Amino acid sequence: MGARITGTGSYLPSNLVSNEQLESLVDTSNEWIVQRTGIRSRHLLDEAEIPSDMGVEAGRLALKAAKVAPEDVDLLLVATTFPDMICPGSAPFIAEGLSLTDAPFFDLKAGCSGFVYGVAVANGLIESGLFPRVLVVGVEALSRVTDWTDRRTCVLFGDGAGAVLLEPGAQSSGVLGTALYGDAEKSMFLHLPAGGTRTPASVETVTQGGHFLKMEGSGVFRNAAPMMEKATMVALENAKLELSDVDWIIPHQANKRIVDALVHRLDVPEERIIVNLDRVANTSTASIPIALDEEIRSGKIHPGDIIVMTAFGAGVTYGAIVVKA
Ligand code: UT7
C-alpha cells in the first residue's frame, strides 16, 4: 500500500504587501526585485496573528476536502523551520487548533525542503502500517525572523501554510517515488545564529541581530537548480517513470531565475511548471503545498496527473517526490 493525497488546503494571511511598499523600508526597487527574483508581492502576518493558526486553517481545509474528521487523523506531522516556540514547537498548537484527539504530533525541521521530506516520511509510515492517516502541514512565518533593514533578504520572503492528508491507496496511485538528500558542508548557507542552545538569546545577541535569518544568497542560488534536477531524476527513476510522463513540476518557489534554470536543465516545456512566487514570494516549507492546493482547486491539476514536487533549503537539504494526483 502506498500513500495517496486525499485532501489539500492552504492559507495565506490577508495582508498583501507589494514591492513598492518595501521601497519605503529599504534601498530597493520594484524593478530590481522583479528582475532578480520574479516576486511582485507577498502575504505577511499582522503583529497580532499567530503563525501556527495558518497551519490550523490549511489543515482544516485539507481534512474538509478529504471528508475526514479530526478524530480520525492518526498522526500530525508539521514541517516548519521557525516554529511558534523552540519548545514545544508548532505541532501541539496545530493539533489543539484542529481538535485532534490523542493523535501523536511532531515538528520536522528540514528547511524549505520540509514539506517534501514530510510527505516522504509520512509515505514510509503509511506503507509500514504504523499510521494510516497522516496530516502533513507545511507552515512558515518568515516575516518573524526577517531583518526588515536587510534588503538582501527582506524582499524575498512571505508567510503562509499548506497541508495534505495522506491515506493508504493502491500501489499505482499516490506517492510513487521519493529522493531525499543532505549536504551538511553547506549548513551555514541559511542560518539563524542566536536563540538556540549553542548561542542562547541575550541582550548582546539581540543587539547584533542574531535573531534574524542570515543567508548566503549566491551560494544557495548556484546549488539550487542542480540539486533539484538530481533529486527529480532519482525520484522519477525510483517511480519507474520518465520526465515525459510528468504532467506538472512544482519546484520550491524561491526565485523565478532558479525555476528557469531548473526548466533549462531538465529541458521540459515551461507550461508544465507551476509558479506562484510572483504573488506569494518564498514561503519556505509552505511553498509547495500552497501551490499544489491552489492548482488542485483551480482545476489545473486533474485526478491521475503525475506531479513532481522538488525543493532545496536550509541544511542544506534537498529532495523530490513523485505523486499521482
Ligand atoms: O528558500 C531558499 C532561500 N533562499 C533562496 O532561495 C535565495 C537564493 N538566492 C537568490 O535568490 C539570489 O541570490 C538573490 C535574489 C538573493 C540575490 O540575487 P543576485 O542576482 O545573486 O544578486 P547579488 O546578491 O549578486 O547582488 C547584486 C547587487 C548587489 O549590489 P552590488 O554589491 O553589486 O553593488 C546587492 O547589494 O544587488 C544588490 N541587492 C539589491 N539591490 C536592490 C541585493 N538585494 C537588493 C535589493 N534591492 N533588494
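Before going into details, it helps to say that this report is about the structure given with it. All figures in this text were calculated on a predicted structure; none of them were measured in a lab.

Here we take up the overall build of the protein. Summing up its helical and strand segments, the protein has 11 helices and 13 strands in all. In summary, the protein has a C-alpha radius of gyration of 18 Å against a globular reference of 20 Å for 325 residues, a match within 12%. Each principal axis of the C-alpha distribution contributes one length, and for the protein these read about 55 × 45 × 35 Å. The buried share of the protein, taken over its 325 residues, is 56%. With an accessible surface of roughly 13900 Å², the protein has 53% of that area assigned to carbon and sulfur atoms. Here the protein carries 26 positive and 40 negative side-chain charges, and the mean point of each set is 4 Å from the other.

Evaluation of the coordinates by the stated rule reveals 10 salt bridges. Salt-bridge contacts for Glu57 lead to Arg60; the nearest nitrogen and oxygen are separated by 2.8 Å. Taken together, the residues span about one helical turn, with Glu57 and Arg60 both in helix H3 (residues 51–66) at a distance of three residues. Note that Glu167 and Arg133 form a salt bridge whose closest N and O atoms lie 2.6 Å from each other.

Before going further, it helps to spend a moment on the sheet that holds strand E8 (residues 174–182). Strand pairing in a sheet is mediated by backbone hydrogen bonds. Such pairs are either parallel or antiparallel. What the four strands build is an open sheet, ordered E8-E13-E12-E11; its pairing is mixed. The sheet is open, and its two edges are formed by E8 and strand E11 (248–251), each paired on a single side. Averaged over all pairs of adjacent strands, the angle between their axes in this sheet comes to 10°, without regard to strand direction. Bridge count for E11 against strand E12 (residues 306–313) is four bridges, and the pairing is parallel.

Attention shifts here to the packing of aromatic side chains. Counted according to the given criterion, the structure contains one aromatic pair. When the ring of Tyr181 is compared with that of Tyr318, the centres are 5.0 Å apart and the planes differ by 20°; the resulting orientation is stacked. Of the two residues, Tyr181 sits in strand E8 while Tyr318 sits in strand E13 (residues 317–324), which places them 137 residues apart along the sequence. Classification of Tyr318 by relative accessible area gives buried; the value is 6%. Taking NZ or CZ as reference, Lys230 lies 4.3 Å from the ring centre of Tyr181, over its face.

On to the pairing of E12, then. Counting buried residues along E12, eight of its eight residues qualify, which places the element largely inside the surrounding structure. Here E12 shows two buried faces, one formed by Ile306, Val308, Thr310 and Phe312 and the other by Ile307, Met309, Ala311 and Gly313. Bridge count between E12 and E13: eight bridges; the pairing is antiparallel. Bridging across to E13, Thr310 finds its partner in Ala320. Here E12 folds back onto E13, and the loop between the two strands holds three residues, one of which, Gly315, carries a positive phi near 145°.

Rules of the game
- Residues numbered from 1 in each chain as written.
- Predicted model: local features only at pLDDT ≥ 70, side-chain atom pairs only at ≥ 80, totals over all residues.
- Heavy atoms only, no water.
- Helix = DSSP H or I, 4+ residues; strand = E, 2+ residues; numbered from the N terminus.
- Rg over C-alpha atoms; globule rule 2.2 N^0.38 Å.
- Buried < 20%, exposed > 50% of the residue type's maximum accessible area, 1.4 Å probe, protein only.
- Areas by Shrake-Rupley, 256 points an atom, 1.4 Å probe, with all protein chains shown as cover.
- Lys, Arg positive; Asp, Glu negative; His and termini not counted.
- Charge placed at Lys NZ, Arg CZ, Asp CG, Glu CD.
- Salt bridge = Lys/Arg side-chain N within 4 Å of Asp/Glu carboxyl O.
- Pairing = 2+ DSSP bridges.
- Axes fitted to C-alpha atoms, helices over the stretch in contact; angles between N-to-C directions.
- Phe/Tyr/Trp six-rings, centres within 6.5 Å; stacked < 30°, edge-to-face > 60°.
- Lys NZ or Arg CZ within 6 Å of the ring centre and 35° of its normal.

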